[in-house]
Structures are given as C-alpha cells and as structure tokens.
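# Commentary on secondary and tertiary structure
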Amino acid sequence: AQKITQTQPGMFVQEKEAVTLDCTYDTSDPSYGLFWYKQPSSGEMIFLIYQGSYDQQNATEGRYSLNFQKARKSANLVISASQLGDSAMYFCAMREGSSTLGRLYFGRGTQLTVWP
Amino acid sequence: EADIYQTPRYLVIGTGKKITLECSQTMGHDKMYWYQQDPGMELHLIHYSYGVNSTEKGDLSSESTVSRIRTEHFPLTLESARPSHTSQYLCASSESPEFLRWGSLDTQYFGPGTRLTVL
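Below, the structure is looked at part by part.

The rules behind these values
Residues numbered from 1 in each chain as written. Chains lettered and ligands numbered in written order. Predicted model: local features only at pLDDT ≥ 70, side-chain atom pairs only at ≥ 80, totals over all residues. Heavy atoms only, no water. Helix = DSSP H or I, 4+ residues; strand = E, 2+ residues; numbered from the N terminus. Buried < 20%, exposed > 50% of the residue type's maximum accessible area, 1.4 Å probe, protein only. Contact = heavy atoms within 4.5 Å. Core = buried A, V, L, I, M, F, W, Y, C linked by side-chain atoms within 4.5 Å. Salt bridge = Lys/Arg side-chain N within 4 Å of Asp/Glu carboxyl O. Polar contact = N/O pair within 3.5 Å; in protein donor to acceptor, adjacent residues only side chain to side chain. Nonpolar A, V, L, I, M, F, W, Y, C, P; charged D, E, K, R; others polar. Pairing = 2+ DSSP bridges. Disulfide = S-S within 2.5 Å. Phe/Tyr/Trp six-rings, centres within 6.5 Å; stacked < 30°, edge-to-face > 60°.

Our next topic: the overall build of chain B. Secondary structure summary: chain B contains zero helices and 11 strands in total. Along chain B, helices and strands appear, N-terminal first, in the series β-β-β-β-β-β-β-β-β-β-β. Buried positions account for 47% of the 119 residues belonging to chain B. Taking the intrachain contacts of chain B between residues at least 6 apart in sequence as the baseline, contacts between residues at least 24 apart amount to 56%.

This is the structure we're talking about:
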C-alpha cells in the first residue's frame, strides 16, 4: 500500500491567493513525522515544514502552514499569498518512528503553477 | 541552512563508462542517503549510510555502489553506465539524534542533485 498519497498531479493558483496541497498518509506507527519539500525546476529539494504526530498545534513556517488532521491521516500544505516563485513541484513525505534509519517515504508530488 | 554539495550537476556520457557522483556535507551528519528520481516521479531510496564504513542498499534495486570512508563524503559509483541509468540522483543527510529525541532534528537536507543522461 502507498504510504503517502498526493491526489493532485497539478494545481493552479493566482498570485496572492492561498492554495492547499493535499496529502494523506498510511501508517500504523503511533510515532511519525510529516515533511513537505519544494522542488523547483532546477531540481534541488528544499525543506519547507515539519509536523510531528504528537504535536498539539499545526506547524507554521512563514507563508507555509500544515493542516494536520490526525484522525483523517491527512497533512495538507497551505501556502498563503502565493508568489510566482512558488511555482514548483511539492512533495509530501513521512518518517516512521520505528525506523532507526529515519528513511522517508515520498508521495508522487503536486506540480503547482502560480499565474499573475 | 544545509550545506550539502553534489558534483557534477549535469552529466552526459556514453554507455559502458564508469562514473562517480560526488556528494559531500559539512554539517557533520552521520546519516546520508542517495535517492533516484525519474522526471515527474517520487524519490526512491537506493542507498543509505549510518556512518563511516556503514552502507546499505535501499528499496529500489540499483546497480550502483557507494562508499563511506569519511563522515562528510558519500560518493556513488556506476561501474558501467547504461541508458536505463538515466535519471536524477539526489543526495541527502540528516542528524542522528537519540530515538526519543527525533523529530524535526531528523530532517533530511538535500543537495542540488545530479542529472545523469546515458546515451
């Protein structure tokens, strides 16, 4: 079974608007972490935000926030006030607490396009 | 701010050549990883390392090999490149906190990647 599911292959948003990128996950481990990465066309993976399974509050980092709904096993990324530079591929990833390696499972990504 | 470097950024070579993709980090991280990513697809773990002289294969079968002689250096080698090896290769590293303290400290930081094309 897929550990991370991103159902939106592509999303479009107008500049200055907010956008939500969906992510659902599957794990039986009570301890886990969820990560979002941004990958511009240049190819590098840029870490955006982290949410721990025991965190009481939703994570926020500047214009990025994570809408964490534990019962639904979803960890959607919200980008407020979109900018043209936000156009990129966005990946959701999960780390299970039982993994001593700390390996990440990635979704297939969502291509976000911000238009003026 | 992560300091992890990969060279070359782009490489086009012919079939049968031996190549080494370089990855180095200056953060003193114990854990390092190699991922393979085809265009528009998710990342697949191909190799990882817990520390010096510790390397393991990941989920995706790969004909490449790795070594970890120094903490900061984690090169990947293809003995005989083939067109099926055409892909992007991403190197990452993370701290190795005690299990009970893992969390955001275990974030993997990535290098810029190497886009490999084998003709």
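Now for the nonpolar core. Residues and elements named next belong to chain A. In this structure, Tyr-25, Trp-36, Ile-49, Leu-77, Tyr-90 and Leu-112 are the most contacted members of the largest nonpolar core, which totals 24 residues. Breaking this core down by element, the ones donating at least two residues are β3 (19-21), β5 (32-39), β6 (46-52), β8 (64-69), β9 (74-79), β10 (88-96) and β12 (110-115). When residues of this core are assigned to their parent elements, the largest contribution, four residues, is made by β10. Sequence-distant contacts of Leu-77, that is, excluding residues within four places in its chain, are made with Val-19, Thr-20, Leu-21, Trp-36, Leu-48, Ile-49, Tyr-64, Ser-65 and Tyr-90.

A separate point is the interface of chain A and chain B. If you look at the interface, chain A gives 27 residues, while chain B gives 27 residues. Counting across the interface, chain A meets chain B through two salt bridges. Between B:Glu42 and A:Arg108 there is a salt bridge, with the nearest N and O atoms lying 3.5 Å from each other. The tally of links from chain A across to chain B stands at six residue pairs in polar contact (both at pLDDT 80 or more). Listed by contribution, the elements that provide at least two residues to the side of chain A that touches chain B are β5, β6 and β10 of chain A. Sorting elements by how many residues they give to the side of chain A that touches chain B places β5(A) first, with five residues. Partitioned by chemical class, the residues of the side of chain A that touches chain B number 11 nonpolar, 12 polar and four charged.

Let us look at the pattern of salt bridges. Evaluated as defined, the whole model comprises seven salt bridges over all chains. A:Glu96 is the salt-bridge partner of A:Lys3, the closest N and O atoms lying 2.9 Å from each other. Of this pair, A:Lys3 sits in the segment before β1 (4-5) while A:Glu96 sits in strand β10, and the two are 93 residues apart along the sequence. Looking at A:Glu96, the relative accessible area reads 10%, which means it is buried. B:Arg70 is the salt-bridge partner of B:Glu72, the closest N and O atoms lying 3.0 Å from each other. Judged by its relative accessible area of 33%, B:Glu72 falls in the partly exposed class. Using a relative accessible area of 44% as the deciding quantity, one classes B:Arg70 as partly exposed.

Here we come to the sheet that holds strand β1 (residues 4-7) of chain B. In space, the four strands of this open sheet follow the order β1-β3-β8-β7 (chain B), with antiparallel pairing throughout. Either end of the sheet is taken by a strand with one partner, and the two such strands are β1 and β7 (65-66) of chain B.

Below, the discussion takes up unusual backbone geometry. Of note, the amide linkage connecting B:Thr7 to B:Pro8 takes the cis form, showing an omega dihedral of -10°. Topologically, B:Pro8 is positioned in the loop between β1 and β2 (10-13). Backbone geometry at A:Lys73 places phi at a positive 55°, although glycine is not the residue there. Among the secondary structure elements, A:Lys73 is positioned in the loop between β8 and β9.

In this section: the state of the cysteines. All names here are of chain A. Inspection of every chain in the model, using the stated rule, returns two disulfides over all chains. Here Cys-23 is linked by a disulfide to Cys-92, with a sulfur-sulfur distance of 2.0 Å. Its S-S torsion of about -60° marks the bond between Cys-23 and Cys-92 as left-handed, since a negative value means left-handed. Taken together, the residues span a long stretch of sequence, with Cys-23 in the loop between β3 and β4 (24-25) and Cys-92 in strand β10 at a distance of 69 residues. Cys-92 carries the same exposure label as Cys-23, and that label is buried.

Another point: the packing of aromatic side chains. Think of a pair of aromatic rings as described by two things: how far the centres are apart, and how the planes are tilted against each other in angle. Residues and elements named next belong to chain A. Using the criterion set out here, one finds 13 aromatic pairs over all chains in the structure. Look at Phe-35 and Tyr-50: their rings are 4.9 Å apart centre to centre, the planes differ by 55°, and that puts the pair in the tilted class. Placement of the pair is Phe-35 in strand β5 and Tyr-50 in strand β6, with a sequence separation of 15 residues. Assigned by exposure class, Phe-35 and Tyr-50 land together as buried.

Scope: geometric values only; no functional claims are made or implied.
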